[in-house]
Amino acid sequence: MFPQNLKDDLDHCFKCGMCQQVCPTFKVMRREYYTPRGRVQIIKHYLERDLELTPELSRLIMSCMLCDACASLCPSGVRIDRLFRLMRVEMDHRAPKTLGKKLLISILKNGDRLRKAALLSRIGQRLLVDVFRTDAKIGAIPLARFPRIAKETFRNKNKENITPARKRSGSVVYFTGCATDLIYHDVGDAVLRVLSQLGLEVIIPRGLVCCSAPLFLSGAVESSLPNIFKNLDILDGVDADAIVVDCATCGAALKKGIPELLEDLGLDTEKAKRVANKVKDVSQIVSERIEELPILRNTTDQQLVVTYHDPCHLVRGMGVTLEPRTILSGIDGIKFVEMEGSNECCGGAGSYQFENVDISSGVTSRKTNNIKATGANIVATGCPGCRLTLTGNMSADDNIDVLHTVQLVSRFMTNQ
Ligand code: SF4
Ligand code: SF4
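Residues numbered from 1 in each chain as written. Chains lettered and ligands numbered in written order. Predicted model: local features only at pLDDT ≥ 70, side-chain atom pairs only at ≥ 80, totals over all residues. Heavy atoms only, no water.

Student: Help me understand the nonpolar core in this model?
Tutor: A general tendency of soluble globular proteins is for nonpolar side chains to be buried together. One finds Phe175, Leu195, Phe216, Ile258, Leu408 and Val409 to be the most contacted residues of the largest nonpolar core, which totals 119 residues. The element best represented in this core is helix H13 (residues 248-264), accounting for eight residues. Leu108, Ala118, Leu182 and Cys210 belong to the second largest nonpolar core, which has nine residues in total. (Core = buried A, V, L, I, M, F, W, Y, C linked by side-chain atoms within 4.5 Å. Buried < 20%, exposed > 50% of the residue type's maximum accessible area, 1.4 Å probe, protein only. Helix = DSSP H or I, 4+ residues; strand = E, 2+ residues; numbered from the N terminus.)

Now the structure itself:
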């Protein structure tokens, strides 16, 4: 599974330890084998057959949150992120799958099953929270702080072609990931409202499915391929100026993860690269044209204090860092305050927070403390996974809302 050039990468690690300084799991666990360098050495010795694929080895590899902070600063250019992902594929092939992973694969690779699972979860959520008023938690998050699953999907609720509210200035395909489709309709509504005010025709093609990042990032690449090919066929087949995403994970998957994956598997990457070239996070589109939006002018002395959390998949997966700040600093009525460690992982990392509760909680506490230290009323972000983690790990007493950046734009827009 490991291409020779990646195997050679392992010899380029001169064990300087620079990666250790930015690794959130090391900051919590304080052990060499929880550093990127330690994990790189584990992979090297595994490939040299000095180490067996034991449950302990798998646990250490899976204790990495794939935040990519290490890969982005390694002075030796070791492609740490790719090595870690390929090691997971190796483990998926060689180690027995847990029941939880089998279930995840079976649900995510089938759009119908995913919708049915969401409906069942909705019923369970209502019963447990509203009727039995349980204080049970999943991971560190109380059930009552999980967002409610929608009755109908966002894609079904909206037309396939949505004409803009203003003179047409172009067209975009809107890739509505699972989170917007099934849970966060408030973000989808805000995206449509803002794009419409920019004069953009929005196309939400029928038949889109999960971007499959949770599958291929867990190592289950074969299970992820049918969804990937289906989405690429649809996205490549629509004539639009850009493909817009509101989810950092979907964006990073389409922009970087999928072309890299297909290349590592020796498959044709032409279509994936064409699609990747058109993918833009919604904050990129909005920041370029924010002057055109009918943003309300603040006529009072009162300003919302807003800070911003960089999702790993947005800042390192898509290279989006200035755009959300440009937007937030450009809204009259918002006082933007930068937090310490804004680009450090929030500790969620998808299902990681439910499987590695102690490490995840340690990482999340650092983030929530940094948020609280800014005195913000709102923390903006660009990833539904981060929104879930941050909302779930702050209490009502903290009085801090977690919103997508585009929701703030929509909130400050007039109705003209
Ligand atoms: S920063 Fe790069 S070269 Fe240095 S220890 Fe980490 S992986 Fe090795
Ligand atoms: S990807 Fe993130 S969590 Fe994993 S080793 Fe690198 S810095 Fe640590």
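Student: How do you make sense of the packing of helix H12 (residues 221-237) against helix H14 (residues 270-278) when you look at a structure like this?
Tutor: Each packed pair of helices is defined by two parameters, the angle between the axes and the distance between the axes. In the contact formed by H12 and H14, the axes pass within 10 Å of each other and the chain directions differ by 55°. Classified by the interaxial angle, the pair formed by H12 and H14 is oblique. Crossing handedness for the pair H12 and H14: left-handed. Within the contact between the two elements, H12 uses Leu232, Asp233, Leu235 and Asp236 and H14 uses Lys271, Ala272, Arg274 and Val275. Across the contact of H12 with H14, the residue classes tally to four nonpolar, no polar and four charged. (Axes fitted to C-alpha atoms, helices over the stretch in contact; angles between N-to-C directions. Parallel < 35°, antiparallel > 145°, perpendicular 65-115°, else oblique. Left-handed = near helix turned anticlockwise from the far one by under 90°. Contact = heavy atoms within 4.5 Å. Nonpolar A, V, L, I, M, F, W, Y, C, P; charged D, E, K, R; others polar.)

Student: Looking at this structure, how should I read the site of ligand 1?
Tutor: Taken together, Cys13, Phe14, Lys15, Cys16, Gly17, Cys19, Arg37, Cys74, Pro75, Ser76 and Ile80 make up the full set of residues near ligand 1. Of the residues belonging to the shell around ligand 1, the class tally is seven nonpolar, two polar and two charged. (Near = heavy atom within 4 Å.)

Student: Explain the packing of aromatic side chains to me, please; I cannot follow it from the model alone.
Tutor: In this description, a pair of aromatic rings is defined by centroid distance and the angle of the planes. As enumerated under the stated definition, the model contains three aromatic pairs in all. Summarising the aromatic geometry, the rings of Tyr33 and Tyr34 are spaced 5.5 Å apart at their centres and angled 50° between planes, so their arrangement reads as tilted. Each ring, one from Phe154 and one from Tyr174, has its centre 6.2 Å from the other, and the planes form 75°; the classification is edge-to-face. Of the two residues, Phe154 sits in helix H8 (residues 154-157) while Tyr174 sits in strand S4 (residues 170-175), which places them 20 residues apart along the sequence. Taking relative accessible area as the criterion, Tyr174 reaches 0% and is therefore assigned buried. (Phe/Tyr/Trp six-rings, centres within 6.5 Å; stacked < 30°, edge-to-face > 60°.)

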